[in-house]
Amino acid sequence: GQNIDQPTEMTATEGAIVQINCTYQTSGFNGLFWYQQHAGEAPTFLSYNVLDGLEEKGRFSSFLSRSKGYSYLLLKELQMKDSASYLCAVRSWGKFQFGAGTQVVVTP
Amino acid sequence: EPEVTQTPSHQVTQMGQEVILRCVPISNHLYFYWYRQILGQKVEFLVSFYNNEISEKSEIFDDQFSVERPDGSNFTLKIRSTKLEDSAMYFCASSELQGDYGYTFGSGTRLTVV
């Protein structure tokens with residue numbers, strides 16, 4: 001089976017940086033994805049890593065270490081609209097296994 | 001930008017009734033998926049579908065569930081006899097290749113079983 005762990009909640013100030021960690025144990029691995037989900041809405045794709053290292057996309061960056069089963073999502077220059085749940089998801093062939101999500105609260 | 005469309009956005013049904021949730025995947029996509037999210041819990045994989053057959057299903061996807069691509073554009077999830085614990089958001093997704101970058105989720109159907 002698979003185990004995906006991420007913190008339940010994080011709070012940060014507008015304009016700051018927040019790093020959301022994700023650790024995983026999986027029997028099959030084709031990539032580590034990060035999604036953003038606002039309450040009552042569908043997950044929307046943010047970033048993904050297949051190989052080790054850092055991927056940067058504007059204010060969002062994601063890092064992967066396959067040997068350590070570890071990833072993080074870095075959110076820079078936080079804005080109020082970034083308040084949402086951030087889902088770590090491991091892709092095994094076609095399907096995704098999601099973590100429980102990290103609720104990020106951005107305060108003024 | 002192409003979208004995955006789901007209807008209805010919200011459905012209320014009585015326990016024991018059959019429901020069909022509908023999805024229109026992106027037109028050139030070949031792989032289709034259903035996920036569900038019980039309120040306050042994580043998104044869970046239900047089933048993947050390719051070439052008119054189920055390619056993988058989770059333990060949640062028991063005999064009460066079935067999927068179908070009835071007409072080449074729609075992709076449906078049927079729950080034969082709904083239970084209270086089936087209340088959840090159901091998300092459809094599609095991708096051009098198996099689990100590739102272009103994995104698009106629909107906006108979801110909120111199913112409430114009373």
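Higher on the page you've got the structure.
Since the structure is predicted, the reported quantities are computational estimates derived from the model, not experimental observations. The residue numbers shown here count from 1 along each chain, following its written sequence. Numbering of ligands from 1 and lettering of chains from A proceed in the order in which they are written. Only residues with pLDDT of at least 70 are given local features in this predicted model, and only at 80 or more are side-chain atom pairs given and counted; all residues enter the totals for whole chains, interfaces and linings. Only heavy atoms go into the side-chain values, all of them from the structure, while hydrogens and water stay out.

A. A look at the interface of chain A and chain B. The contact definition used throughout considers only heavy atoms, calling two residues in contact when any of these lie within 4.5 Å. If you look at the interface, chain A gives 18 residues, while chain B gives 18 residues. Accessible-area loss on putting two parts together, using a 1.4 Å probe and summing over both, is the definition of buried area adopted here. In total, chain A and chain B occlude about 1500 Å² of area from one another, counting both sides; carbon and sulfur atoms represent 60% of this. Criterion for a salt bridge: a side-chain nitrogen of Lys or Arg within 4 Å of a carboxyl oxygen of Asp or Glu. In this assembly, chain A and chain B are joined by one salt bridge. With a shortest N-O distance of 2.9 Å, B:Glu56 and A:Lys95 are connected by a salt bridge. Whenever a nitrogen or oxygen atom comes within 3.5 Å of another N or O atom, the pair is scored as a polar contact, on the condition that within protein one atom can donate a hydrogen and the other can accept it, and that pairs from neighbouring residues in sequence are kept only if both atoms are in side chains. Between the two partners, chain A and chain B, sit three residue pairs in polar contact (both at pLDDT 80 or more). Ranked by the residues each element gives to the side of chain A that touches chain B, the list is headed by strand β10 (residues 95-98) of chain A, at three residues. Put simply, Ala, Val, Leu, Ile, Met, Phe, Trp, Tyr, Cys and Pro go in the nonpolar bin, Asp, Glu, Lys and Arg in the charged bin, and everything else, Gly too, in the polar bin. The residue inventory of the side of chain A that touches chain B, partitioned by class, reads 10 nonpolar, four polar and four charged. Numbering of helices and strands runs from the N terminus; a helix is a DSSP stretch of H or I covering at least four residues, while a strand is a stretch of E covering at least two.

B. Local environment of the state of the cysteines. Working definition: a disulfide is two cysteine sulfur atoms within 2.5 Å of each other. What the rule picks out here adds up to two disulfides over all chains. With a sulfur-sulfur separation of 2.0 Å, A:Cys22 is cross-linked through a disulfide to A:Cys88. Disulfide A:Cys22 to A:Cys88: torsion about the S-S bond roughly -70°, handedness left-handed. Within this pair, whereas A:Cys22 is found in strand β3 (residues 18-25), its partner A:Cys88 is found in strand β9 (residues 84-92), the two being separated by 66 residues in sequence. Accessibility classification places A:Cys22 together with A:Cys88 in one group, the buried group. Here B:Cys23 pairs with B:Cys92 through a disulfide, and the sulfurs are 2.0 Å apart. Think of it in three bands: with a 1.4 Å probe and only protein chains considered, a residue is buried below 20% of the maximum accessible area for its type, exposed above 50%, and partly exposed in between.

Read these as spatial facts, not as claims about activity.
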